[in-house]
Amino acid sequence: MAGILAMTGHFCVMSYRLFVIRLRSLHATQEHKSARTNKIHSPFSTGAQRPLHTSYLLLSTPNMLQSDLNTIQADALIAIAAATDERTLDNARVEFLGKSGRLTQASSVMRDLPKEEKPAAGQMLNETRQAITSALDDKKIALIAEADALAVADLDLTLPGRTLPAGAIHPLTAMQDRVTKIFRQLGFALATGPEVETEWHCFDALNTPADHPARNESDTFYFDSGKLLRTHTSSVQVRTMEGNKPPVRIIAPGSAYRRDEIDATHLSVFNQIEGLYVAENVTLPDLKGTLEFFFKALYGESTEVRFRPHFFPFTEPSFEIDVKLEATGKEAKWIEIAGCGMVDPAVFDAVGNERGDDAYDSTKITGFAFGMGLERLTMIEYGISDIRHLIENDQRFLTQFA
Ligand code: PHE
């Protein structure tokens, strides 16, 4: 036994299974000897494993077979132990267990054995095959473990991790979040509506006559169905009032679409934020106070805001709102930033007609509405000179806001 262990001594770790297999093969040799004197004392030998049939003991063929098998097994274990990679291990498998391998050749004696000796011989062959197979399996696992260990051998777990570049919120989204937050503090709820809209919600209900230029094919994207891509978020005003009784106090951020020539200040798709407050006794000072508060909250307490009379079909009176921009080294400039006004009674009438009730009775209910472009708000905040930067996804531009 010491001999076999010494031969295979370069096994780093010997599994108990392998150890037993080796013990057994060694023992088989001793048993072979003691069998002749008919003395058998081995803790590994059970009747089932090694039947002591008289003919087995007397005939020389099984004994020779056992001796051959011991040699084959010992050689196999040495070859397996010596394998340094999966390819040499596979060569060993072919040499011993392959179609014309040594064990297969050894089993050819089976043909010539008398019938009553075949089971014992078959068992010997099986045991050898199992011993070699399990040594092959163990070695394969050991080789894989070795390769794994090698792969991480140079890994220094104390090194700091690689930091990934942090993502950031797009400036448009950041601005929308800020605007939403300010209005939510004032009690405005968030509302949404579809971008593919009916002419009624986008124009008719908003008191916009059929011959209004905004409804022109050259200004608006129409579908064959007669629907269109909403040209403003004001359609959400109509949808909100259709579904809710006053008081209504909402903001509706979202995309709008126009057939605009694309340049530094125009895109054919852009974002708006719509606002609507409808209740009893909503007045023009409420509108002014709310929007002045908003622009100061957004751009700073000293921001100057002015309301310039204007015309929108769905508000009366209507205004455009300008903020005064102070760029260092330049003369201060008024920039148009939003449209607003008191909701036109014709809008309440259209909604009331559709609802079939008097919840929006235009003799009792008043309201204000406003709409502004998110891109414009963002460009002013960050001093962006061309609206196209906002949609080009150029990292050199975007990382400045990260
Ligand atoms: N919908 C208008 C536009 O797109 C803005 C606006 C909204 C004006 C609400 C008045 C009231 O220009």
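Computed from a predicted model, the values in this text were never measured in an experiment.

It is worth spelling out the overall build of the chain at this point. Looking only at helices and strands, one finds 14 helices and 9 strands in the chain. If you take every contact in the chain between residues at least 6 apart in sequence, the share linking residues at least 24 apart comes to 69%.

Here we take up the nonpolar core. Ile250, Val278, Cys340, Val347, Val351, Phe368 and Phe370 are the most contacted members of the largest nonpolar core, which totals 45 residues. For this core, the element with the most residues is strand E9 (residues 365–373), which contributes 5 residues. Contact partners of valine 351, with chain neighbours within four places excluded, come to Ala205, Val238, Met241, Glu242 and Tyr360. Counting residues in each nonpolar core, the second largest holds 15 residues, with Leu65, Ile72, Ala131 and Ala135 among its members.

Before going further, it helps to spend a moment on the site of the ligand. Every residue close to the ligand is listed here: His232, Ser234, Phe312, Thr315, Gly339, Cys340, Gly341, Ala369, Phe370 and Gly371. Elements that contribute at least two residues to the shell around the ligand include exactly strand E8 (333–343) and E9. Taken together, the residues that form the shell around the ligand break down as 4 nonpolar, 6 polar and no charged.

This brings us to the packing of helix H8 (residues 171–185) against helix H11 (residues 284–299). Running from N to C, H8 and H11 point in directions that differ by 135 degrees, and their axes come no closer than 10 Å. Classified by the interaxial angle, the pair formed by H8 and H11 is oblique. The two elements H8 and H11 cross, and the hand of that crossing is right-handed. Along its contact with H8, which presents Arg178, Val179, Ile182 and Phe183, the element H11 presents Phe294, Ala297 and Leu298.

With mixed pairing, 7 strands are arranged side by side in an open sheet as E1-E4-E5-E9-E8-E7-E6. Two strands lie at the open edges of the sheet, namely strand E1 (189–190) and strand E6 (305–312), each paired on one side alone. Relative to E9, strand E5 (residues 269–280) runs antiparallel, the two being bridged by 9 bridges. Along E9, the bridge assignment pairs tyrosine 277 with phenylalanine 368. Contacting strand E4 (248–257), E5, strand E7 (315–325), E8 and E9, helix H13 (residues 374–382) crosses the sheet at an angle of about 55 degrees to E9.

Taking 1.5 Å per residue, 15 residues should reach 21 Å; H8 reaches 21 Å between its end C-alpha atoms and fits that length. Within the sequence span of H8, burial applies to Pro171, Met175, Val179 and Phe183. Projected onto a plane normal to the axis of H8, the buried residues spread over an arc of 100 degrees and lie on a single side. Structural note: H8 exposes Asp177, Lys181, Arg184 and Gln185 on the side pointing more than 90 degrees away from its buried face. Against the buried residues of H8 lie E4, E5, H11 and H13. Immediately beyond the C-terminal end of H8, within one or two residues, lies glycine 187, with a positive phi of roughly 95 degrees.

Taken residue by residue, the chain gives an average pLDDT of 86. The fraction at 70 or more is 85%. Note that residues 1–18 has pLDDT below 50 and, in this model, 16 contacts with residues that lie over four places away or in other chains. Low pLDDT (under 50) marks residues 27–59, which in the prediction has 29 contacts with non-local residues, meaning those over four places away or in another chain.

Conventions we followed
- Residues numbered from 1 in each chain as written.
- Predicted model: local features only at pLDDT ≥ 70, side-chain atom pairs only at ≥ 80, totals over all residues.
- Helix = DSSP H or I, 4+ residues; strand = E, 2+ residues; numbered from the N terminus.
- Contact = placed C-beta atoms within 7 Å.
- Core = buried A, V, L, I, M, F, W, Y, C linked by C-beta atoms within 7 Å.
- Buried ≥ 20, exposed ≤ 12 C-beta atoms within 10 Å, placed from the backbone.
- Near = placed C-beta within 6 Å.
- Nonpolar A, V, L, I, M, F, W, Y, C, P; charged D, E, K, R; others polar.
- Axes fitted to C-alpha atoms, helices over the stretch in contact; angles between N-to-C directions.
- Parallel < 35°, antiparallel > 145°, perpendicular 65-115°, else oblique.
- Left-handed = near helix turned anticlockwise from the far one by under 90°.
- Pairing = 2+ DSSP bridges.
- Expected span 1.5 Å × (residues − 1).
- Arc of directions from axis to C-beta.
- pLDDT = per-residue confidence, 0-100.

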